[in-house]
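Examining the three-dimensional arrangement
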Amino acid sequence: MQNDSVVVNSWNEWDPLEEMVVGSADNACFEPTEPGSRPAVRDSPGMPFPTGPKSKEAIDLANEELDGLVRLLQSQGVTVRRPAPHDFSRPLTTPDFEVENQYCSVCPRDVMITLGNEIVEATMSRRARYFEYQPYRKLVYEYWNADPRVRWTTAPKPSMADGMYREEFWDWPLEQRHERMHAFEFCVTQDEVVFDAADMSRLGRDVLVQESMTTNRAGIRWLKQHLEPRGFRVHTVHFPLDFFPSHIDCTFVPLRPGLILTNPERPLREGEEKMFLANDWELVDAPQPVLTNDEMPQYCQSSKWLSMNVLSISPTKVVCEENEKPLQDLLSGLGFEVFTVPFRHVFEYGGSLHCATWDVRRTGTREDYFPRLDYTPLV
Ligand code: ARG
C-alpha cells in the first residue's frame, strides 16, 4: 500500500484500476421464483424453471471464463480478489419469509459498491439474495482492518415480507405496463428502503441511481440522505422504455469523463439528459448486440444488452465480450484500447463483465465532472 492511498478508493467507473473482486460460480443455484422475481426459461413459456444447484458443467464453464478475466486483469497489474465459498443451496428462513435456496456470487456488483473510501452493502431486493453480502465479508473486514480511513456501511435490511412486493406486476398485460411505466411502478412497493448496488453508477461527486424493479424511491432517498452529507450529489434516472428495469449497467455506461455509452432502445426520460448535455458530456449509442434476445442462453434472465456491460481498466482501456465485434469497433474508434475475453457462459448468472466485478481501488480522487449543475439536496 502506498502511504497516502486509502486501501478502499474508487470514485468513478473508469479511473486506473488497482484492486478488484471478480465473482465466482462456485455452488451457484438457479434463482428461485419469489415475489420479486419470476424466472422463466427463455422462449419456453410454461416450462418450469429449474430449481436447486446448477450443473457442475455450467459452473465449470462460467468459472473458466471468470478465471480468464482474472488473468487478463492480473496481466494489467490489477490485484484480483475472489469471494469466499458459500453454500447457496441452503434454504433461508427469517421471521418474514422463507425461500428454498439462495443464488450465487457471480455478480458482486449487485451487492457491493465502493463510494470513495466507503464500502456500502446494498439492502438487496430479492429474498434469495438477502445474505449475498456474506461471501464478501471476509474481504470487507480485511480492508476495514487494514486502514482506519476505510468506512463500511450496511444499508438497512428490508423485511422482504409478502407485503413489500406488488406481485400483480408480473401479470400486467403489456398495455397496462405501458400505461404504468410513467408512474414507475414495479414489483417492489415504496414502504421499505430497497436498493441493489448495481442500480448505481459513479461519476465522481455525482452518483446516478436508476429507479427500477430492484431499487425503489425509498431506497434512493436513503442513499441521498447517506451520501449528500459526504459531498455527493445523487441523481435519480429513469429509462421508461425498459419495462423490466434492473441494474443500470446494461443501459447507461460511463466510459471516461465526458462519455457515456447509451442503449439505443432505452433512452433517458425526457429532461434527464439535460445535466449531461449542459456539462458537455457526449452520449454515444451502443450498436445492436451480436446475439438477439432469443439467442441468449436459455436460463439467462438478462437481455441481449449484456453486450454493453463493459469493464473499464482505465480511461483508455476497456474490456469487452469477445464476440461483440461491432461494439469493439465503436470503442476502438472512440480511442480506447479494447481487450476481449469470452464471457457468454457467465450470462446465465445474470451479468457480464461489469456485473461480475466490484472495484475496491482505483487511483484518483473525487472530481466534479458537472460544474454546471442544477441540484437540490434533500435537506
Ligand atoms: N437488466 C439488465 C438487462 O437485462 C441486466 C443487468 C445486469 N447487470 C448486473 N449488474 N447484474 O439488460
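So, a few notes on the structure that sits alongside this text. Owing to the predicted nature of the structure, the values given are computational and were not obtained by experimental measurement.

**Here we look at the overall build of the protein**
Regarding its fold elements, the protein presents six helices and 17 strands. Taken along its principal axes, the extent of the C-alpha atoms in the protein is 50 × 45 × 45 Å. For the protein, the share of sequence-separated contacts (at least 6 apart) that also reach a separation of at least 24 residues comes to 75%. Accessible surface, the protein as shown: approximately 15300 Å² in total, 49% of it carbon and sulfur. Taking the average place of the 39 positive charges on the side chains of the protein and the average place of its 59 negative ones, the gap between the two points comes to 4 Å.

**A short note on the pairing of strand β9 (residues 206–210)**
Counted residue by residue, β9 has five buried out of five residues, so it is predominantly covered. Following strand β8 (residues 200–203), the chain reverses through two residues before pairing antiparallel with β9; G204 in that reversal takes a positive phi of roughly 70°. Where β9 and strand β10 (residues 233–237) come together, five bridges link them in parallel fashion. Residue V209 lies in a different strand from β10, and its bridge partner there is T236.

**So, the site of the ligand**
Around the ligand, the structure places D110, A198, S246, H247, D249, C250, R266, S302, S303, G350 and C355. In this structure, S246 approaches the ligand through a main-chain N or O atom, which is 2.7 Å from a nitrogen atom. Interatomic distance of 3.0 Å between a side-chain N/O atom of R266 and an oxygen atom of the ligand. In the complex, the protein chains occlude 94% of the 350 Å² of accessible area that the ligand would expose alone.

**Let's talk about the state of the cysteines**
A full pass over the atoms with the stated rule returns zero disulfides. The thiol of C29 is not disulfide-bonded; the next cysteine sulfur, from C104, is found 8.7 Å away. By relative accessible area, which is 0% here, C29 ends up buried.

**Topic: the sheet that holds strand β15 (residues 317–321)**
As summarised here, the arrangement of the three strands in space is β14-β15-β16, forming an open sheet in which the pairing is mixed. The open sheet has two free edges, formed respectively by β14 (311–314) and β16 (337–341), since each of these has just one partner strand. Within the sheet, the average angular offset between the axes of one strand and its neighbour, ignoring direction, is 30°. Relative to β15, β14 is paired through three bridges, and the arrangement is antiparallel. Residue pairing for β15: S312 is matched across the bridge by V318. Seen against the sheet, helix α1 (residues 56–75) touches β14, β15 and β16 and runs at an angle of roughly 150° to β16. Lying over the sheet, helix α6 (residues 325–333) contacts β15 and β16, oriented at roughly 170° with respect to β15.

The rules we used
Counting restarts for each chain: residues are numbered from 1 in the order of the written sequence. Owing to the predicted nature of the model, reporting of local features is limited to residues with pLDDT of at least 70; listing and counting of side-chain atom pairs is limited to 80 or more, with chain, interface and lining totals taken over all residues. Remark: hydrogens and water are excluded; side-chain values derive from all non-hydrogen atoms of the structure. Numbering of helices and strands runs from the N terminus, with a helix taken as a DSSP run of H or I at least four residues long and a strand as a DSSP run of E at least two residues long. Only heavy atoms enter the contact rule, under which two residues are in contact if any of them lie within 4.5 Å. For accessible areas, the Shrake-Rupley method is used with a probe of radius 1.4 Å. Any residue's cover is judged against the shown protein chains and nothing else. Charge assignment: positive for Lys and Arg, negative for Asp and Glu; neither His nor the chain ends contribute. In this description, the location of a charge corresponds to atom NZ of lysine, CZ of arginine, CG of aspartate or CD of glutamate. Only protein chains enter the calculation, and the probe is 1.4 Å; a residue is then buried if its accessible area is under 20% of its type maximum, exposed if over 50%, and partly exposed in between. Should DSSP find at least two bridges between two strands, the strands are taken to pair. Here a residue is near a molecule or strand as soon as one of its heavy atoms is found within 4 Å of it. Each polar contact in these results corresponds to two N or O atoms within 3.5 Å; when the atoms are within protein, one needs to be able to donate a hydrogen and the other to accept it, and residues that are neighboring in sequence are counted only if both atoms are side-chain atoms. Any cysteine sulfur atom paired with another within 2.5 Å is treated as part of a disulfide. Comment: axis = line fitted to C-alpha atoms, over the contacting stretch for helices; angle = value between 0 and 180 degrees taken between N-to-C directions.

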